[in-house]
Structures are given as C-alpha cells and as structure tokens.
Amino acid sequence: MSDTVLPLDLEEAIGRSGSLSGVDHAVVGRAGGVGRGSVVEVYLSARQAVIERAEFLAFGAPEAFACAAAACEALQGMTLASARDLDGLELARRAGIGSQALGEALVVEDAVKAALGALES
Amino acid sequence: MTVYLDYAATTPVDPRVAEYMATLLQGDAAYANPASDHGPGRRAAEAVALARGRVARTLGVAPGEIYFTSGATEANNLALRGVAAFARRAGRDCHIVTAATEHASVLETVSALEREHCTVTRLPVDGDGRLDPRSVRDALRPQTRLVSVMHVNNETGVRHDLEAVAAAVAEHDALLHVDAAQSVGKEPLDLSTLQADLVSLSGHKAYGPKGVGALFVRDAPGRRLEPLLRGGGQEGGLRSGTVATHQVGGMGLAFELAAGDRAERSRIATLSRRLQAGLAACGDVYVLGDAASRTPHILSVVLAGVHARALQALVPGLATSVGSACNAPNGKPSHVMRAMGIPDALAQSILRLSLGRFTTEPQVDEAVSLIGGALRRLREASPLWRERQRGAGWEAIYGVSRMPAAA
C-alpha cells in the first residue's frame, strides 16, 4: 500500500454514499450529533465474518464525507476482526484529511464500531 | 466563471474607482505626501480634500467631521477606545452599552476595555436579531459614556432601529456610535437627521479599496476622543500617519457613486426576492431575521438537512459565506446566531448569500440552480433528511423550539 494518500474529492465521496435499508441482515451504526457538526451512519452486511457491503449516510463538513467514504471502501472485503482495528487516525490518513479535522474521523470510527457491535449482537 | 454572492464580506472594486486610484498612483497627480507644503504635496492634499468632501456629502455631514482610518475595524476601535480613554483621562467612570450581535471589532474591544477600566452592558436581541430600543434606555446609567449599535448586521442583514436608539441616547449624557460598515450605499443613512455622534465607515464594503475607512465624529461639544495612534498629527491629531492618498481617493469616489445610484436598492431587493423564491422552491429552506427589518442585500438561510460547508465545497463556482466571513478562518460558532437563540446545531446549516452592484438576474438563477442541485445530492446522502422523510420534524432533529420562517 502506498503511503501517499490524496484527499478524497467530495463529489466522489457523495457518489459512494447510500444505505443498506431493506437488505437482509444489514445493520447500521450511528455516531456524532448535529450540535457537534457531524452525524454519520455506517451500514454493513457480512457473511462468514467478512464484510460484504459497507455504505454510509453523512451530515457534516466535507471531511466527514471523505472519512466515511474511505472507511466504507476499506471495510468491504475486510474480516470483522480486522475491521475492529480501523481507527480514526487510519481513516483520516486514508481520507487524506488534515489533523484539524480529526474529530470527523473519530465520529466515523465510532459509527463503524457501532455497526460492528450491531453485527456481533 | 464564479457567481459571486459574498458582497457582505467584501465588494469588488468598481472599475471607475480602480481607474481613478491608478491615476492617483501614477505620474505627478498625487504621489507626494499630502502634508507637504509644496506643489506636489498640495495636489495630493487636494485629492484628499476631494475624497473627504465626497464621503461627507454621502452622509450629509461636514468634511471636517470625517477622519480617515485604515478601515472600519480601526474606526470602531478608535470610537470605543477613544471615548473610554478620554473619560479615564478626565477621571470619569466609563460605562459602555452595546448589543450582543455587534461585529467582533466592537465586542472584542469592549471586552478588552472591560478588563482595563470600563463596565459594559451587552444587550440581547430577539430571535429575529432585533434590538429593543427600550432596552437601551433601561441600560443607561449616569456613568454611561457611549452606546455602540451597528446599523446593519453583517450576518443576517437585520437593521437596528437607529432613530429610536438615538432618541433614547439623546435623553442622556452619552454618545451614540454606529458601525455603518455594512450599510453605506445599501441603506439610507443621513447623518443630518440621525443624531449619531460617531459613525464607522468602510471603503471595501462600498466598492472601494480595502485598507481604508473613516470615523465620522460630530463637531459638537463633548465629542472628545483620545487618539489610538500618535505621531505626525494627521487627521486633526486623531489619527497620525501619512494619509494614503490613493486609498482615501478611491473610498471617496466609491461613496459618491454609491450615493448617486438611487435605483440600486430597488434592483437588489428585486433580485433578493427572486433568490429567496428560487431557494423556497427547493423546499425546507428557512430565512433568518425579521423580513421587515432586513436589508435586501443579505439573505441568510437554513438549508435543512445539510451542512453548509459541504454545500459550499460541492459548488465551487458559487462564492458564499458560512456565517460571518470574519469568523470563517477560525471555524468558531457565530456569536450572532447564538445571541439570536439559534443553537450551534442549526447554525451548521446556515449559508449567507449577499448581493451587490454586479449581481445579475442570470447569476441569481444560476445560483439557485447550483444550490438546488447540491441540496438534492447532499440530502440524499443525509441521515437527517432520512429522518425527516420518516416523519420527524426539523425542530426535533435540530433540537430547537421553532424553526425560522420558511423562505
């Protein structure tokens, strides 16, 4: 994997958004708050401990979209065990956002963890 | 080509102003120091006098009552600090009354004065951003030296009732300072009838250059200020420093042009109504500020379900502001919104659009189209919009008791 990460374009990130509402066995994890500036929902479906599909909805600044899109791209095909290690710093790096927007990445991390928790419950 | 709808942050320099400034900068028109007692110096002094006269005529005052500064921020500082320092030198207590929605250059200055030797009363506004003039009257004390109230709010476009505020202050031995940076050429401001003692003015908000402004100081007993800058005694000793001839010349012409275009306000009002109607058609768009109190050139809207910064990023061909441009670099929540009782949650969805001299009807239509397209895409991706589609009210989603008026 290259260490060079280009910032994710907002157009591109929005193009990757969506929800898995109505998909069998899909779960959703939600994090953030409107007053905090971002709300992220991460939708996951998995089979045999491997994530098959990952999508998101987001309200927030462009960095929230970038991190959520980067997370969903990374999660697809990932084992649940590996997904648990995906943290905000890694998401920020993958999304190519600056440290000033790390809060957005942490909200996405929380949404991913909530979705993983829902899958395991 | 960018559609520029950020005139409240700054206006483009009018080409006639730029051309005139270039003549002042070139050749022997006005290169000399206007304080110099020789031919070139006198030519520069004539250009400064012409500019002072133009600014004065725009406001209905005498040229000798206009003191050039580096901008409205300095003018605000000079008014507030100047009055406070004079009171202190005279051994008098100093109480200042202002409103919670004033520009940062007023609020931060009064906070600094509060740490030094003044007491300050910050008056609240209502949910529509209006200041109750009765609250000004109630706040006045024997020690009140200054009441500082802006004419037009830079974030919402809400006008304060200056006549009523002036009437309240006139009953008292205090001065009235008005920050009029946002209003020259956009709202009537006649200082021959409005009893303001000090008025801050900006060049770049009226199609003039940045880096120049002025403070009007009424020539009447008791209007005494201590200067901020000391040195050569320029500007009647109130603002030392070589006068920037081309800057003040540009401001003077800009003010004259703004005052001469009487049809402009009506044209802007028509465009603003068109913009608001176009945004209303997008659905779930709300307007901040009482309609009757708003100046037409500023339209602040809540675009429910989307974050305004995301919308801005999605339409790079449209220049707008998220809250006040003055606050934009630090990303702080807007003190104006908070003072109006608008929680930070709702403030995330507020976009400010401001129109001006070079805004055209096709540009307004293009802006509506760009915003409408971005709104649709962001709402499709928004969990808040999903909640709304499932029947939740915006009040519950944003945690507010009521939304502003629908566009």
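Our structure's up above, just so we're on the same page.
Thresholds applied
- Residues numbered from 1 in each chain as written.
- Chains lettered and ligands numbered in written order.
- Predicted model: local features only at pLDDT ≥ 70, side-chain atom pairs only at ≥ 80, totals over all residues.
- Heavy atoms only, no water.
- Helix = DSSP H or I, 4+ residues; strand = E, 2+ residues; numbered from the N terminus.
- Rg over C-alpha atoms; globule rule 2.2 N^0.38 Å.
- Buried < 20%, exposed > 50% of the residue type's maximum accessible area, 1.4 Å probe, protein only.
- Expected span 1.5 Å × (residues − 1).
- Contact = heavy atoms within 4.5 Å.
- Pairing = 2+ DSSP bridges.
- Axes fitted to C-alpha atoms, helices over the stretch in contact; angles between N-to-C directions.
- Polar contact = N/O pair within 3.5 Å; in protein donor to acceptor, adjacent residues only side chain to side chain.

Trainee: Please clarify how the overall build of chain A should be interpreted in this entry.
Mentor: Looking only at helices and strands, chain A features five helices and three strands. For chain A, the α and β elements follow one another from N to C terminus as α-β-β-β-α-α-α-α. A compact globule built from 121 residues would reach a C-alpha radius of gyration of about 14 Å, and chain A, at 13 Å, matches this within 12%. When the backbone C-alpha atoms are referred to their principal axes, chain A occupies close to 35 × 35 × 25 Å. Among the 121 residues that make up chain A, the fraction classed as buried is 52%.

Trainee: Explanation requested: helix 7 (residues 245-260) of chain B in the structure shown.
Mentor: Since one α-helical turn is 3.6 residues long, residues separated by three or four positions face the same way. All names here are of chain B. For helix 7, spanning 16 residues, the distance from its first C-alpha to its last is 22 Å, which sits close to the expected 22 Å at 1.5 Å a residue. Taking burial as the measure, the 16 residues of helix 7 include 12 buried ones, the bulk of the element. All buried positions along helix 7 are accounted for by T245, Q247, V248, G249, G250, M251, G252, L253, A254, F255, L257 and A258. In this structure, the buried side of helix 7 is in contact with helix 1 (15-25), helix 2 (39-59), strand 2 (66-69), strand 7 (198-202) and strand 8 (213-217).

Trainee: I keep staring at the sheet that holds strand 13 (residues 405-406) of chain B and nothing clicks. Help me out?
Mentor: Sheets are built from strands paired through backbone hydrogen bonds, the pairs being either parallel or antiparallel. Residue and element names in this part refer to chain B. Strand order in this open sheet of four strands is 12-10-9-13, and the pairing throughout is antiparallel. What marks the edges here is a single partner per strand, and that holds for strand 12 (350-354) and strand 13. As paired elements, strand 10 (residues 298-303) and strand 12 share five bridges and run antiparallel to each other. Within the sheet, the bridge partner assigned to I298 lies in strand 12 and is S354. Sheet contacts for helix 8 (residues 264-280): strand 9 (285-287), strand 10 and strand 12; angle to strand 10, the most-contacted strand, approximately 5°.

Trainee: Explanation requested: the side chain of S202 of chain B in the structure shown.
Mentor: All names here are of chain B. Turning to its location among the elements, S202 is positioned in strand 7. Polar contacts involving the side chain of S202 include one to the main-chain amide nitrogen of H204, which spans 3.4 Å. Contact partners of S202, with chain neighbours within four places excluded, come to A72, A181, V212, G213, M251 and F255.

Trainee: What should I look at first to understand helix 5 (residues 102-120) of chain A in this one?
Mentor: Residue and element names in this part refer to chain A. For helix 5, with 19 residues, the first-to-last C-alpha span of 27 Å sits near the 27 Å given by 1.5 Å per residue. All of the buried residues in helix 5 are E104, A105, V107, V108, E109, A111, V112, A115 and L116. Close packing links the buried residues of helix 5 with strand 1 (27-33), strand 2 (38-47), strand 3 (50-59), helix 2 (62-75), helix 3 (80-83) and helix 4 (88-95).

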